[in-house]
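An overview of the molecular structure
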Amino acid sequence: MKIKAQVAMVMHLDKCIGCHTCSVTCKNTWTNRPGTEYMWFNNVETRPGTGYPKRWEDTERFKGGWTLKNGKLQLKAGGPISKLMNIFYNPDMATMDDYYEPWTYNYENLINSPKSENLPVARPQSVITGEYIDKPEWGSNWDDDLAGGTEVVSQDPTVEKLQDHISMEYEKTFMMYLPRICEHCLNPSCVASCPSGALYKRDEDGIVLVDQEACRGWRFCMSGCPYHKVYYNWNTHKAEKCNFCYPRTEAGLPTICSETCVGRIRYIGVVLYDADKVKEAASVEDPQDLYESQLSVFQDPFDPEVIKEAKKAGINEEWIESAQKSPIYKMAMEWKIALPLHPEYRTLPMVWYVPPLSPIMNHITNEDELDTDGYIPAIDQMRIPVEYLASIMSADDTEVIRKVLLKLTAMRVHMRGKTVGGIDEFRQSELLKEANTTPEELEDMARLLGVAKYNDRFVIPTGRREMDDNLYYEQGACSLEDLAPPEGMASLIGGNR
Amino acid sequence: MSDIFWWVIFPYASLTIMILGLLYRFAFRQLTWAAPSTEFFEKKWLRFGSPLFHWGIIFAFFGHIMGIVIPMSFYDAIGVSDDLYHMGAVYGGSLAGIVMVAGLIILLIRKIVFDPVRVHATFADFYSVIALLVIAAIGTYITVFGNFTPEEFDYRTAIGPWFRSLFILNPQYELMTNIPFIFKLHTLLAFGLFASIPFTRLIHFYSIPVAYTTRAPQQYRSRAQYKKRSS
C-alpha cells in the first residue's frame, strides 16, 4: 500500500445556474496574458452542445486518454516511439479553429471618432493578428443556453451517439450546465504524453502541473488530455493548464472558481488513495466497471491501518483529519452521489459531478394522491434523458445514474415530508429501499448539499509551507514556485537553496 | 592571411558563440527554450512542410557525419569502394536534400502567407528558415550536380580532414584554400548558422526527448524534490 493524498472537487450540477462567474474570475486570475487569451482553465458548457473546444469529446478524432490493447493500458494516441516519430507534426492536435480566434474591441474608437451622423462603434479586433474581424463566428460560449439551436446541438458527439434517445423537438428539449476544470486525474494521460517529462503530479496534493522551464512545447499533452484541458500558449510556446489555484489551496483557501461560485455548487476536500492500485484500476476490461474500480482505490480515512500507512508516507495529522472531514469522500465515496466525468477515458478523473435532477416530462394528473413510490418511475421520465447523463458520467451505464437520481429524489421527498408530513410513510416506502439509503443519511446529504457553510464545503489543509527548508531565504521572495528569477550564478550551482 | 581568418578564426569563433550562447540560454533563459510550434494557428501546410524538412535534415545530418566526420580510411577498412560510397552519397544525399528544401519552401511560404503565423514570426524565425533554405539549397545543388570523383574534387580529401582537424585543435586551413567556391560558401554559411543557433528557436534541436522512451509514464514530484532538481 502506498497512500497518497489528493485534493479533489465535487460540483453539484443541480445548483449550477450557468452564470460563468467561475470562468471569469479564473480568467482574471490566471489567463489574462498574451498567448493565453483563448485559455479557459475553467469553462461552463451548456449541454447538449459541442463544448469547448468544439467536440472535445470526439476521442476518435483527438485520440485523448487511454485505451486497452491486449489487456494492456496504452495511450490512445500511441506510446513514446510513435510520439517521437510524430514529433514534427501532431496529427491529433486541435487548432485555433477548434477553439476560437480571441478578439477584443476597438473601444478607443468610441471616444476618438470624429463627429459623424452615425454613432461610433467598437469593432471586434483579433488579438492574434490585430486585424479587424468583420463577423466573429465562434467563441467559447457561442452556444450558451442552447442558443446554437439544433444546428449546434446535433454536433454534440454524445447527441450523435444517442440519436434514438434524444429528440430536439421543442417540447422535449432539455439542457444542463457542465462547468469544467482540469480533472487532476489519478492516471493523467497528459503527464504520460509529455516527451519532456515537464508535466507532473504533485506528491503532496495530487495537483497536475506543467514545469514551465522543462516544457519544450511538443504539444502532445494538448491532444493527450481527453478533456482538452491543457492549452498551448502561442506566445511562450509552452503548455499551460489549470493548477487548482495551488497558491490558494496551499494557504487553505478554495480555488478562485469555487470561492466565487454564486450557486455554491463546488466542494473541495482531500481523499486518500492507494497509488499502487491506480494502474490496475484503470485497466479493467469493461469501461462500465471503471467507476467501481476507481472507487476501490480510495481508502477509508478512519481505518487505523490506512492512517498508519498514510503517516508512514509522510502525510501529517492535519491532512488525515481533513481527509476524515472531506466533503468529497462523503459525496463521491460514501454516499456515491457524485460521479466522475467520462470514466471511460481511463484517466481516473478527480473532479466529480452530482448529476442534476430535472422536471418530469409527463403531467402527474392526481398529484394529491401521489404516494411516495410514485416517484420511482418518475426518474425515467425526467427531462434530461438518463442516457445522456450516463453517456457523460458513467460510460453509458444508466443504472448508475438511476441510483444517484433515486437517492437525490428520496432526499427531496424525505425533506419535504419533514415539513408537510408523510415521514412515517416514507420510512416504509419502496423509494427508500430502492434508493438504498436511510433517513439519517438523507438528512446529512441535505445538509451538505443544501445548507453547508464555507468551512464544510471547503475542507482544505494548508500546504505545510512551514516545513520548507529555507524559510529565511524565501522571505520576501515570490510565493509561486520558482517564478522569481534565480539570484545569479550561485543559485544555479546549488548555492542558496 | 584571409585563409586563416575564414578557416581557423571564423569556425572557432562561431562554435564558441554557439556553445557559450547555449549555456547562457540554458542557465538563464530556460523559460524561452522550446520548440517554436505554430501548429496551433495552421496545420494543413505544416502537415507536409514540417515532416519533410525535419526528416530531410535528419538524414542530411547523418549524411554529413558519414562524409565529413568519418575518415576515408574507415571506408577502405570495411571495404566500401569510392564508387560505392559516392553512389550512396549522391542518391541518398540528393533525396534528403530535395526533401529538406521542399519542406523549407513550404514552411517559408506558410510563414509569409498565413496571417497569425507571419505576425508572430520574429526576425530570428525568418532568418533561420531562410538561412537553412540557402544552405540546404547549396548543399543539394552540390550533391545533385556536383562531381565527386577523385579526378574532380572529393570533399573527403579536403573538407573532411579540415573539419576533423578543428576538433583536435590543429586546424589545417591550407586544405581549404583550393576547394571550389561553392563548397566554401556552404561551409562558411553553415558555421554562421551555428553561431546564431542560441539566438533563434533552432535550440530545440538540443532537446530531443530521447529519455521519454525509457521513463515511467507517470511522473510524481514532491515539492522538496522539485526544489532539489531546479536548484
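Residues numbered from 1 in each chain as written. Chains lettered and ligands numbered in written order. Predicted model: local features only at pLDDT ≥ 70, side-chain atom pairs only at ≥ 80, totals over all residues.

A closer look at the domain arrangement of chain A
All names here are of chain A. Each assigned domain of chain A is listed here: domain 1 (1-91 + 145-354) and domain 2 (359-452). If you average the C-alpha positions of domain 1 and of domain 2, the two centres end up 28 Å apart. On the side of domain 2, 20 residues touch domain 1, which itself brings 23 residues to the contact. Within the side of domain 1 that touches domain 2, the residues separate by chemical class into 15 nonpolar, 5 polar and 3 charged. (Domains from an automatic or database assignment. Contact = placed C-beta atoms within 7 Å. Nonpolar A, V, L, I, M, F, W, Y, C, P; charged D, E, K, R; others polar.)

Overview of unusual backbone geometry
Residue and element names in this part refer to chain A. A cis amide bond, omega 0 degrees, links Arg-47 with the succeeding residue Pro-48. Pro-53 follows Tyr-52 through a cis peptide bond whose omega is -5 degrees. Its identity is not glycine, yet Asp-396 carries a phi of approximately 70 degrees, on the positive side. A residue is classified by how many C-beta atoms lie within 10 Å of it, and Asp-396, with 17 of them, is partly exposed. (Buried ≥ 20, exposed ≤ 12 C-beta atoms within 10 Å, placed from the backbone.)

Overview of the packing of helix H18 (residues 398-420) of chain A against helix H21 (residues 439-451) of chain A
All names here are of chain A. In the contact formed by H18 and H21, the axes pass within 9 Å of each other and the chain directions differ by 95 degrees. Our classification of the angle between H18 and H21 gives roughly perpendicular. Residues Ala-410, Met-411, His-414 and Met-415 of H18 pack against Pro-439, Leu-442, Met-445 and Ala-446 of H21. Tallied by class, the residues present in the contact of H18 with H21 amount to 7 nonpolar, 1 polar and no charged. (Axes fitted to C-alpha atoms, helices over the stretch in contact; angles between N-to-C directions. Helix = DSSP H or I, 4+ residues; strand = E, 2+ residues; numbered from the N terminus. Parallel < 35°, antiparallel > 145°, perpendicular 65-115°, else oblique.)

Quick look at helix H2 (residues 46-69) of chain B
Residues and elements named next belong to chain B. Under the 1.5 Å per step criterion, the end-to-end length of H2 is 32 Å for 24 residues, consistent within 8% with the ideal 34 Å. Residues Leu-46, Gly-49, Ser-50, Leu-52, Phe-53, Gly-56, Ala-60 and Gly-67 constitute the buried set of H2. Where the residues of H2 are buried, they touch helix H4 (82-113) and helix H7 (155-167). (Expected span 1.5 Å × (residues − 1).)

A look at the interface of chain A and chain B
Across the contact, 41 residues belong to chain A and 37 residues belong to chain B. Those elements giving two or more residues to the side of chain A that touches chain B turn out to be helix H3 (80-85), helix H7 (189-193), strand E8 (199-202) and helix H24 (488-492) of chain A. With 4 residues, E8 of chain A is the single largest residue contributor to the side of chain A that touches chain B. Here the side of chain A that touches chain B is composed, by residue class, of 18 nonpolar, 12 polar and 11 charged. In the sheet, E8 of chain A pairs with strand E1 (residues 220-221) of chain B via 2 bridges, with the strands oriented parallel. Bridging across to E1 of chain B, Lys-201 of chain A finds its partner in Tyr-220 of chain B. (Pairing = 2+ DSSP bridges.)

A short note on the sheet that holds E8 of chain A
Spatially, the 3 strands line up as an open sheet ordered E9(A)-E8(A)-E1(B), and their pairing is mixed. In the strand order of this sheet, the two ends are held by strand E9 (208-210) of chain A together with E1 of chain B, each with one partner.

Quick word on the packing of helix H6 (residues 123-145) of chain B against helix H8 (residues 181-196) of chain B
Residues and elements named next belong to chain B. At a minimum axis distance of 10 Å, the contact between H6 and H8 shows a crossing angle of 150 degrees. In terms of their interaxial angle, H6 and H8 are classed as roughly antiparallel. By crossing handedness, the relation of H6 to H8 is classed as left-handed. Within the contact between the two elements, H6 uses Ala-131, Val-134, Ile-135, Ile-138, Gly-139 and Ile-142 and H8 uses Ile-182, Phe-183, Leu-185, His-186, Leu-189, Ala-190 and Leu-193. Residue composition of the contact of H6 with H8, by class: 11 nonpolar, 2 polar and no charged. (Left-handed = near helix turned anticlockwise from the far one by under 90°.)

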